[in-house]
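Commentary on secondary and tertiary structure
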Amino acid sequence: ELKVEQNPLFLSMQEGKNYTIYCNYSTTSDRLYWYRQDPGKSLESLFVLLSNGAVKQEGRLMASLDTKARLSTLHITAAVHDLSATYFCAVNNNDMRFGAGTRLTVKP
Amino acid sequence: DAMVIQNPRYQVTQFGKPVTLSCSQTLNHNVMYWYQQKSSQAPKLLFHYYDKDFNNEADTPDNFQSRRPNTSFCFLDIRSPGLGDAAMYLCATSRVWGSYEQYFGPGTRLTVT
């Protein structure tokens, strides 16, 4: 059964700092997704990573995928308060499985 | 402009009183999904439809049913809601079954009193 593990589960960081969220998964897949969720809201698609070595950037967020290591990272550069949210990675291997989510709080 | 629409956005029902949640899509996607997301947890897939073919997850309680009368609409029926069924219910669609991107609706927040 496909398992998806995210860490950390909780992340509190100061504005201006950098940090990385990790997503490990247990079976072969070349399709990985990152979503953002604000409290009480639905999932907002951030990145779709479709091949080994894929790297995508949007603003202060950059996502990468290493299918050999079964690892994806979401890197936050110079965090700002607006990035505070819960971030989910998900692996789709004919069945979408989500990580537990990383609750990010960015403090001034 | 909305692609996946869910109604209502907020639903309050009484313990044991049947409730139906609605999802519609303008993407003409073949697959529609229903997820349950409890507070501070990841979304959990309940079932999906590939066209008219219904696929239930093994651990989805019998209390949850679904209908898809046409390509655009899909309904989630909870026959006898319990307090533990209070959650956000997310509808999603994808073009075909498989490892394709899923597009999520805004969700319905269900409260059971």
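Now for a description of the structure that goes with this document.

Cut-offs and rules
- Residues numbered from 1 in each chain as written.
- Chains lettered and ligands numbered in written order.
- Predicted model: local features only at pLDDT ≥ 70, side-chain atom pairs only at ≥ 80, totals over all residues.
- Heavy atoms only, no water.
- Contact = heavy atoms within 4.5 Å.
- Buried area = accessible area lost by both parts, 1.4 Å probe.
- Salt bridge = Lys/Arg side-chain N within 4 Å of Asp/Glu carboxyl O.
- Polar contact = N/O pair within 3.5 Å; in protein donor to acceptor, adjacent residues only side chain to side chain.
- Helix = DSSP H or I, 4+ residues; strand = E, 2+ residues; numbered from the N terminus.
- Buried < 20%, exposed > 50% of the residue type's maximum accessible area, 1.4 Å probe, protein only.
- Pairing = 2+ DSSP bridges.
- Axes fitted to C-alpha atoms, helices over the stretch in contact; angles between N-to-C directions.
- Phe/Tyr/Trp six-rings, centres within 6.5 Å; stacked < 30°, edge-to-face > 60°.
- Core = buried A, V, L, I, M, F, W, Y, C linked by side-chain atoms within 4.5 Å.

Moving on, we get to the interface of chain A and chain B. Each partner contributes to the interface: chain A provides 21 residues, whereas chain B provides 21 residues. Interface area lost by chain A to chain B is led by Ser 42, Asn 94 and Phe 98 of chain A, which between them contribute 27%. The tally of links from chain A across to chain B stands at one salt bridge. The shortest N-O distance in the salt bridge between Glu 57 of chain B and Arg 97 of chain A comes to 3.8 Å. At the surface where chain A touches chain B, the tally comes to six residue pairs in polar contact (both at pLDDT 80 or more). Of all the secondary-structure elements, those providing two or more residues to the side of chain A that touches chain B are strand E4 (32–37), strand E5 (43–49), strand E9 (85–92) and strand E10 (96–98) of chain A.

Following the sequence through the fold, Gly 98 of chain B ends up in the loop between strand E9 (87–94) and strand E10 (103–104). For Gly 98 of chain B, a relative accessible area of 4% corresponds to the buried category. If sequence neighbours within four positions are ignored, Gly 98 of chain B has contacts with Asn 92 and Asn 94 of chain A.

With that out of the way, let us pick up the sheet that holds strand E7 (residues 64–67) of chain B. All names here are of chain B. Spatial strand order, E1-E3-E8-E7: four strands in an open sheet with antiparallel pairing. Pairing within the sheet leaves two strands with one partner each, and these edge strands are strand E1 (4–7) and E7. Mean inter-strand twist for the sheet, computed between neighbouring axes without regard to direction, equals 20°. Of the strand pairs in this sheet, strand E3 (residues 19–25) and strand E8 (residues 73–78) are connected by six bridges, and their pairing is antiparallel. If you follow Cys 23 over to E8, its bridge partner there is Cys 74.

Regular strands place their side chains on alternate faces of the sheet. Residues and elements named next belong to chain B. Where burial is concerned, most of strand E4 (residues 31–37) is hidden: seven out of the seven residues are buried. Burial along E4 is two-sided: the residues Val 31, Tyr 33, Tyr 35 and Gln 37 and Met 32, Trp 34 and Gln 36 are all buried. As defined by bridge partners, E4 adjoins strand E5 (residues 44–50) across six bridges and the pair is classed as antiparallel. Bridging from a neighbouring strand, Val 31 pairs with Tyr 50 of E5. Taken together, E4 and the strand that follows it, E5, pair antiparallel across an intervening segment of six residues, in which Ser 40 is found at a positive phi of about 60°. Examined bridge by bridge, E4 and E9 share seven bridges and lie antiparallel to one another. Opposite Trp 34, over in E9, you have Cys 91 as the bridge partner.

In this structure the tally under the stated criterion is 12 aromatic pairs over all chains. Both rings, one in Tyr 35 of chain A and one in Phe 104 of chain B, keep their centres 5.4 Å apart while their planes meet at 85°; by these two values the pair is edge-to-face. You can see Tyr 35 of chain A sitting in strand E4 and its partner Phe 104 of chain B sitting in strand E10, one on each of two chains. You'll find Tyr 35 of chain A and Phe 104 of chain B in the same group, each marked buried. Ring centres 6.1 Å apart and planes at 40° place the aromatic pair Phe 64 of chain B and Tyr 89 of chain B in the tilted group. In this pair, Phe 64 of chain B sits in strand E7 while Tyr 89 of chain B sits in strand E9, placing the two residues 25 residues apart along the sequence. Accessibility assignment for this pair places Phe 64 of chain B and Tyr 89 of chain B in one class, buried. Each member of the aromatic cluster is reached from another via a ring pair, and the members are Tyr 33, Tyr 35, Phe 88 and Phe 98 of chain A together with Tyr 33, Tyr 35 and Phe 104 of chain B.

All names here are of chain A. Leu 32, Trp 34, Leu 74, Ile 76, Tyr 87 and Leu 104 are the most contacted members of the largest nonpolar core, which has 25 residues in total. Elements that contribute at least two residues to this core include exactly strand E2 (10–14), strand E3 (19–25), E4, E5, strand E7 (61–66), strand E8 (71–76), E9 and strand E11 (102–107). The element best represented in this core is E9, accounting for four residues. When residues no more than four places from it in sequence are discounted, the contact partners of Tyr 87 are Gln 6, Ile 21, Tyr 35, Arg 36, Leu 46, Leu 61, Leu 74, Gly 101, Thr 102 and Leu 104.

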